[in-house]
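As a plain string of letters, each chain reads:
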Amino acid sequence: MESISPPPPNEVQALFNRIAPVYDPLNDWLSLGLHRVWKQMAVRWSRVGPGQAALDVCCGSGDLALLLARQVGIQGQVVGLDFSAAQLEIAQTRSRGLGQIAWIQGDALNLPFADHSFDGATLGYGLRNVGDIPQCLSELYRVLRPGAWAAILDFSHPQAAWVKDFQAWYLQQIVVPLAKTYNLTEEYTYLIPSLARYPKPPELITMAQAAGFQAVTFYPLMGGLMGVLVGQHP
Ligand SMILES: C/C(=C\Cc1cc(O)c2ccccc2c1O)CCC[C@H](C)CCC[C@H](C)CCCC(C)C
Ligand SMILES: C[S@@+](CC[C@H](N)C(=O)[O-])C[C@H]1O[C@@H](n2cnc3c(N)ncnc32)[C@H](O)[C@@H]1O
């Protein structure tokens, strides 16, 4: 029986601090590099453009924020927020020389920004980890300007039984054993109950609409292994 309640935020924070040194290479190996394609799609769906202000919530080691920086260009600004100091340290190192990115340690459930601060936002593999999805969506909505879009990338729930079985097999038989070689079995096993708890697309759409987002759409990726929830601040 999957554990119903998510771990407390301090345990999630500690988990991502611990995996920070191997987070990027393991994502590359385990997804055969495809996670970079999925992240690029999310950034495109955020619709940010040159000179705009973009926010990447739960930025981790900075993948999406770095892609946003390319979209907004030298005249734009990007803020990457995360509560893991170790993840932010890696993001900081990776972005040396890119002056338009600010890295902030903070809580996705209580964003340290004024209302209507950003022209677009991404949230990559964070919504499943924040512990309070409605609060996270509400904060994301609050800091977006009217007309701005949010793109939320995460694991999803395939409808086809064989894809669902493949996802479960891959996590249990490929992901966890590889993590074990880094002594991170418990940290990567966490993926399994976190996915089991994560709402299915129709419920995510309803939750985004309840937060105020309009034109809410869910785009399945890889047969539903992953997906991007997209919504606009009216
Ligand atoms: C970038 C990806 C996952 C990020 C991520 C999210 C989390 O919540 C974690 C929690 C605890 C530990 C690690 C993470 C974490 O890395 C997605 C790519 C990496 C995935 C681990 C790989 C899983 C890929 C699909 C299930 C199967 C893909 C098959 C394809 C043929 C490659
Ligand atoms: C799986 S990583 C995703 C990192 C990055 N967005 C990516 O796509 O690779 C999830 C990130 O969410 C962060 N996180 C989880 N809950 C958070 C919260 N309440 N506030 C801020 N960051 C949080 C973790 O510290 C971690 O860096």
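Fair warning: this is a prediction, and the values are worked out from it, not measured in the lab. (Residues numbered from 1 in each chain as written. Chains lettered and ligands numbered in written order. Predicted model: local features only at pLDDT ≥ 70, side-chain atom pairs only at ≥ 80, totals over all residues. Heavy atoms only, no water.)

1. Description of the nonpolar core
If you look at soluble globular proteins, the nonpolar side chains tend to sit buried side by side. Ranked by size, the top nonpolar core spans 48 residues in total, and within it V78, Y188 and V228 carry the most contacts. If one sorts the elements of this core by residue count, helix 1 (residues 9-30) sits on top with eight residues. (Core = buried A, V, L, I, M, F, W, Y, C linked by side-chain atoms within 4.5 Å. Buried < 20%, exposed > 50% of the residue type's maximum accessible area, 1.4 Å probe, protein only. Helix = DSSP H or I, 4+ residues; strand = E, 2+ residues; numbered from the N terminus.)

2. Concerning helix 4 (residues 85-94)
Turning to helix 4, its buried residues number three or more, namely Q87, L88 and A91. Buried residues along helix 4 cover an arc of 95 degrees about the axis, so they all sit on one side. At its buried positions, helix 4 is contacted by helix 1, strand 2 (77-82) and strand 3 (101-105). (Arc of directions from axis to C-beta. Contact = heavy atoms within 4.5 Å.)

3. Some thoughts on the sheet that holds strand 4 (residues 118-124)
Across the sheet, which stays open at both edges, the seven strands sit in the order 3-2-1-4-5-7-6 with mixed pairing between neighbours. Edge positions in the sheet fall to strand 3 and strand 6 (214-221), since each of these pairs with one other strand and no more. Averaged over all adjacent pairs, the angle separating strand axes in this sheet is 15 degrees, with direction ignored. Its contacts with the sheet put helix 3 (residues 63-72) on strand 1 (53-57), strand 2, strand 3 and strand 4, and the angle it makes with strand 1 is roughly 170 degrees. (Pairing = 2+ DSSP bridges. Axes fitted to C-alpha atoms, helices over the stretch in contact; angles between N-to-C directions.)

4. Let's talk about the site of ligand 2
Around ligand 2, 18 residues are found, and the nearest of them are Y23, C58, D82, A108 and G124. Y23 places a side-chain nitrogen or oxygen 2.6 Å from an oxygen atom of ligand 2. Coverage of ligand 2 by the protein amounts to 98% of the 590 Å² it exposes when considered alone. Class assignment of the residues belonging to the shell around ligand 2 gives a composition of nine nonpolar, six polar and three charged. (Near = heavy atom within 4 Å. Polar contact = N/O pair within 3.5 Å; in protein donor to acceptor, adjacent residues only side chain to side chain. Areas by Shrake-Rupley, 256 points an atom, 1.4 Å probe, with all protein chains shown as cover. Nonpolar A, V, L, I, M, F, W, Y, C, P; charged D, E, K, R; others polar.)

5. Considerations on the site of ligand 1
As a matter of local geometry, ligand 1 sits amid 20 residues, with Y23, N27, R128, N129 and Y188 nearest to it. The contact in question runs from an oxygen atom of ligand 1 to an N or O atom on the side chain of R128, over 2.8 Å. Note that an oxygen atom of ligand 1 is positioned 3.0 Å from one of the side-chain N or O atoms of N129. Protein chains bury 96% of the 740 Å² of accessible surface belonging to ligand 1 in isolation.

6. Structural notes on the environment of N17
Secondary-structure assignment places N17 in helix 1. Classification of N17 as partly exposed rests on a relative accessible area of 27%. Separated by 43 residues in sequence, N17 and G60 have C-alpha atoms that sit 9.5 Å apart. The contacts of N17, once residues within four sequence positions are left out, are S84, A85, A86 and Q87. A polar contact of 2.6 Å, which involves the side chain of N17, links it to the side chain of S84.

7. Looking at unusual backbone geometry
Positive phi, close to 55 degrees, is recorded for H116, a residue that is not glycine. Mapping H116 onto the fold places it in the loop between strand 3 and strand 4. Taking relative accessible area as the criterion, H116 reaches 39% and is therefore assigned partly exposed. The residue N183 is not glycine, and still its phi comes out positive at about 60 degrees. One can find N183 in the loop between helix 6 (161-180) and helix 7 (185-189). Taking relative accessible area as the criterion, N183 reaches 68% and is therefore assigned exposed.

8. Focus on the side chain of H233
Tracing the backbone shows H233 in the segment after strand 7 (226-232). Overall, H233 belongs to the buried group, its relative accessible area being 5%.

9. Overview of helix 2 (residues 34-45)
Count 3.6 residues to each turn of an α-helix, and residues three or four apart come out pointing the same way. Its 12 residues place the ends of helix 2 17 Å apart at the C-alpha level, agreeing with the 16 Å of an ideal helix rising 1.5 Å per residue. Those residues of helix 2 lying buried are H35, W38, K39, Q40, A42, V43 and W45. Those residues of helix 2 that are buried lie in contact with helix 1, helix 3, strand 4, strand 5 (144-155), strand 6 and strand 7. After helix 2 finishes, the residue R47 shows a positive phi value of roughly 55 degrees. (Expected span 1.5 Å × (residues − 1).)

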